[in-house]
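Architecture and fold: a report
These are the residues of each chain, in order.
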Amino acid sequence: MKKLALLLSLILGVTSAYAVTNINGNVESRCTVNTDTAGYYGNPNAYTLTTLPASAGQVPIIRIDTSLATAYKAQISYPTSFSSSPSLGDTVVWTGAVGVDQTSSSDMSGYQAASTTADGGAMRIYPLTVAGTTWFSVASVATYGGGQQKAFPGGSYTAVVVAECIAQ
């Protein structure tokens, strides 16, 4: 009997016990994107939609706040298509510009000069090298009919500005 108990204790002692446990965590971005001023299109003539105030439009203003210098870059694109519109049978030519409108620190004064473009010039990329707030303006012009300037059909038109903070 002693031999059996000894054998059982050796067998049970050789088996190992282990546990698997998860380690979870959440990361909150230290960079946020907000719309400070909503944009809308003015219609100065039959074939143009523009955000320019001189043509009764409103340039949207995007605010990006970052609390960690050099950890993020901002990517902002002016529209290159309508997300909703009446049926359009001809070409729409898009132009626009993204620019630094205002900053919370004079240390950010070089952001526009340090930016690069992508996506055929529609996207501008800004290294966010200083913690703080930067306001970006995003102008947009849509011309219907290509070089032939056709009248836009009546209806509601919507285009989207894409603004992102991307961790580096």
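Attention in this report is confined to the structure presented alongside it. (Residues numbered from 1 in each chain as written. Predicted model: local features only at pLDDT ≥ 70, side-chain atom pairs only at ≥ 80, totals over all residues. Heavy atoms only, no water.)

Turning our attention to the pattern of salt bridges. This model, assessed by the stated rule, comprises three salt bridges. Here Asp 65 ties to Arg 63 by a salt bridge, and the two come within 2.9 Å at their closest N and O atoms. Using a relative accessible area of 19% as the deciding quantity, one classes Asp 65 as buried. With a relative accessible area of 23%, Arg 63 lands in the partly exposed category. Taken together, the shared-partner salt bridges in this structure form one network comprising Asp 36, Arg 63 and Asp 65. (Salt bridge = Lys/Arg side-chain N within 4 Å of Asp/Glu carboxyl O. Buried < 20%, exposed > 50% of the residue type's maximum accessible area, 1.4 Å probe, protein only.)

A complete count under the given rule lists one disulfide for this structure. What pairs with Cys 31 in a disulfide is Cys 165, and their sulfur atoms sit 1.8 Å apart. Here Cys 31 is found in strand 1 (residues 31-37), whereas its partner Cys 165 is found in strand 12 (residues 162-167), with 134 residues between them in sequence. Judged by its relative accessible area of 7%, Cys 31 is buried. (Disulfide = S-S within 2.5 Å. Helix = DSSP H or I, 4+ residues; strand = E, 2+ residues; numbered from the N terminus.)

Checked against the element boundaries, Tyr 144 lands in strand 10 (residues 132-144). When the C-alpha positions of Tyr 144 and Ala 167 are compared, they lie 37 Å apart, and in sequence the two are 23 residues distant. Leaving out residues up to four positions away in the same chain, Tyr 144 has contacts with Tyr 47, Leu 88, Gly 89, Asp 90, Thr 91, Val 92, Gln 149, Lys 150, Ala 151, Phe 152 and Pro 153. (Contact = heavy atoms within 4.5 Å.)

Turning our attention to unusual backbone geometry. Non-glycine residue Ala 56 carries a positive phi angle of around 70 degrees. Ala 56 gets classed as exposed once you look at its relative accessible area, which sits at 54%. Residue Gln 149 is not a glycine yet carries a positive backbone phi of 45 degrees. Relative to the helices and strands, Gln 149 is located in the loop between strand 10 and strand 11 (158-159). Residue class for Gln 149 comes out partly exposed when judged on its relative accessible area of 43%.

We now examine the nonpolar core. Ile 64, Ile 76, Val 98, Tyr 111, Tyr 126, Leu 128 and Val 138 are the most contacted members of the largest nonpolar core, which has 17 residues in total. Residue assignment for this core shows that the elements contributing at least two residues are strand 4 (61-66), strand 5 (72-77), strand 9 (123-128) and strand 10. Counting residues per element, this core draws most heavily on strand 5, which supplies three residues. Those residues within four positions of Tyr 111 in sequence are excluded, and the remaining contacts are Val 100, Tyr 126, Pro 127, Leu 128, Thr 129, Val 130 and Thr 134. Leu 49, Phe 82, Trp 94 and Tyr 144 belong to the second-largest nonpolar core, a separate cluster that totals eight residues. (Core = buried A, V, L, I, M, F, W, Y, C linked by side-chain atoms within 4.5 Å.)

Taken in spatial order, the four strands make up an open sheet running 8-9-5-12, and their pairing is antiparallel. The open sheet has two free edges, formed respectively by strand 8 (116-118) and strand 12, since each of these has just one partner strand. Neighbour-to-neighbour, the strand axes of the sheet open up by a mean angle of 25 degrees, direction not taken into account. In terms of strand pairing, strand 8 meets strand 9 through three bridges, oriented antiparallel. By the bridge assignment for strand 9, Thr 116 is matched with Ile 125. (Pairing = 2+ DSSP bridges. Axes fitted to C-alpha atoms, helices over the stretch in contact; angles between N-to-C directions.)

Attention now goes to the side chain of Asp 65. Looking at the secondary structure, you find Asp 65 in strand 4. Within the local environment of Asp 65, its side chain forms a polar contact with the side chain of Arg 63, the two groups lying 2.9 Å apart. Those residues in contact with Asp 65, other than ones at most four positions away along the chain, are Arg 30, Cys 31, Thr 32, Asn 34, Gly 132 and Thr 133. (Polar contact = N/O pair within 3.5 Å; in protein donor to acceptor, adjacent residues only side chain to side chain.)

These figures come from the coordinates and say nothing about function on their own.
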